[in-house]
Amino acid sequence: MPKTSEIALLFPIESQSSIRDKEFLLAAQRLMGDFAPCYDYLEIGSFLGGSLAPFLRDPACTSILSIDERGKTLPDERGALFDYGGITTQSMLDRLHEAGLATTKLTTHDGSIDTLPPSDRRFDLAFIDGEHTDQACFRDFLWALPMMKTDSAVMFHDSSLIYKAIRLIGLLLRKDDRPFAFLKNHDSEMSAIFLGDFSRCPLGRYFETGEDRDDFFAASELSVLEHNIRNRVRSGPSEERLTSVTIDPPKSEKAYY
């Protein structure tokens, strides 16, 4: 894996992801590069553009679509609201340009994925990191799935917050008899579903051994419940829900973060 200093160079823009999260993104990037001469990348929830940076730099990545409900206050499963009112497409592009990143292969869509105009574009790799509610994550996957190539991968951030959506996605894929593999990264909030031939490739060459799936689901349920209780206490019975732009990840004894 790249050293911390190398990761800092590859991710020059502040983001809501840890070093371990970034290592997972880079591992997925290497996987794509090894199995295809070129690939296309879809990202849902780009914030300031931090997770776009390594894909903008990668010559094997030929096109990028960034979808984001920019400039809104969004809920999540912790019972809090997160204010992104000052984050616009232009402010993201400004950050990318200030970091010396060309954006010629980047297109953007302001709004949720279900408002995206119909297109024949197909993607090899997707990253879902938008509104952290189970309903929104499941919606994002449902609309993204027809846009993915048969052999592709879909990554998720803040996986413990949207674990119910991930479980439903697994049921959907089983019902459709689609081959897939699920991997939850150890000591990180990243997970991914690998579709088609990618579900059968040697994932251990790129990713560390993942967390046990059932343990991950059980720990996630407990941590989300704890955060809902904590946020209700902090907000008070007669006050609005806690509003913050700083992600406060839930913690558990298993330390998935």
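This report concerns the structure included in the present document.

The rules behind these values
Residues numbered from 1 in each chain as written. Predicted model: local features only at pLDDT ≥ 70, side-chain atom pairs only at ≥ 80, totals over all residues. Heavy atoms only, no water. Helix = DSSP H or I, 4+ residues; strand = E, 2+ residues; numbered from the N terminus. Contact = heavy atoms within 4.5 Å. Areas by Shrake-Rupley, 256 points an atom, 1.4 Å probe, with all protein chains shown as cover. Expected span 1.5 Å × (residues − 1). Buried < 20%, exposed > 50% of the residue type's maximum accessible area, 1.4 Å probe, protein only. Pairing = 2+ DSSP bridges. Axes fitted to C-alpha atoms, helices over the stretch in contact; angles between N-to-C directions. Left-handed = near helix turned anticlockwise from the far one by under 90°. Nonpolar A, V, L, I, M, F, W, Y, C, P; charged D, E, K, R; others polar. Polar contact = N/O pair within 3.5 Å; in protein donor to acceptor, adjacent residues only side chain to side chain. Right-handed = clockwise from strand over helix to strand, strands pointing away.

When its secondary structure is counted, the protein chain shows seven helices and nine strands. Residue pairs in contact within the protein chain that sit at least 24 positions apart in sequence constitute 72% of those at least 6 positions apart. By element, 52% of the accessible surface of the protein chain is carried by carbon and sulfur atoms, the whole surface being about 12,100 Å².

Here we come to helix H6 (residues 163–175). With 13 residues, H6 should reach 18 Å at 1.5 Å per residue; the first-to-last C-alpha distance of 19 Å fits that figure. Looking one or two residues beyond H6, the residue adopting positive phi is Asp177, at roughly 55°.

A rise of 1.5 Å per residue sets the reference length of helix H2 (residues 19–35), with its 17 residues, at 24 Å; its end C-alpha atoms lie 25 Å apart and thus fit the reference within 8%. The buried fraction of H2 amounts to twelve of the 17 residues, a majority that puts the element mostly inside the structure. Here H2 has its buried residues at Arg20, Asp21, Lys22, Glu23, Phe24, Leu25, Leu26, Ala27, Ala28, Gln29, Leu31 and Met32.

This brings us to the pairing of strand S8 (residues 180–184). Bridge count for S8 against strand S9 (residues 191–195) is five bridges, and the pairing is antiparallel. Of the residues in S9, the one forming a bridge with Phe182 is Ile193. The turn linking S8 back onto S9 is made up of six residues, and Asp187 within it adopts a positive phi angle of 55°.

For the rest of this paragraph, the subject is the packing of helix H5 (residues 134–144) against H6. The angle between the axes and the distance between the axes are what describe a pair of packed helices. For the pair H5 and H6, the least separation of the axes is 8 Å and the interaxial angle reads 35°. Here H5 and H6 pass one another in a crossing that is right-handed. Of H6, the residues touching H5 (which contributes Asp134, Cys137, Phe138, Phe141 and Leu142) are Tyr163, Lys164, Ala165, Leu168, Ile169, Leu172 and Leu173. The class makeup of the residues in the contact of H5 with H6 is ten nonpolar, no polar and two charged.

Ordered in space as S5-S2-S1-S6-S7-S9-S8, the seven strands form an open sheet in which the pairing is mixed. Bordering the open sheet on either side are strand S5 (106–110) and S8, each of which pairs with just one other strand. The sheet shows a mean angle of 15° between the axes of neighbouring strands, taken without regard to direction. This element, H5, spans strand S1 (39–44), strand S6 (123–128) and strand S7 (148–156) of the sheet and lies at about 160° to S7.

On to the side chain of Ser46, then. With respect to the element layout, Ser46 can be found in the loop between S1 and helix H3 (53–57). Side chain to side chain, Ser46 and Glu43 meet in a polar contact 2.7 Å long. Setting aside its immediate chain neighbours within four residues, Ser46 contacts Leu52, Ser66, Ile67, Asp68, Arg70 and Met92.

Both S6 and S7 contribute to a ladder of five bridges, which runs parallel. By the bridge assignment for S7, Phe123 is matched with Met148. In this fold, the crossover linking S6 to S7 by way of H5 has right-handed handedness. Bridging between S7 and S9 involves five bridges; their strand directions are antiparallel. Counterpart to Val154 in the pairing with S9 is Ile193.

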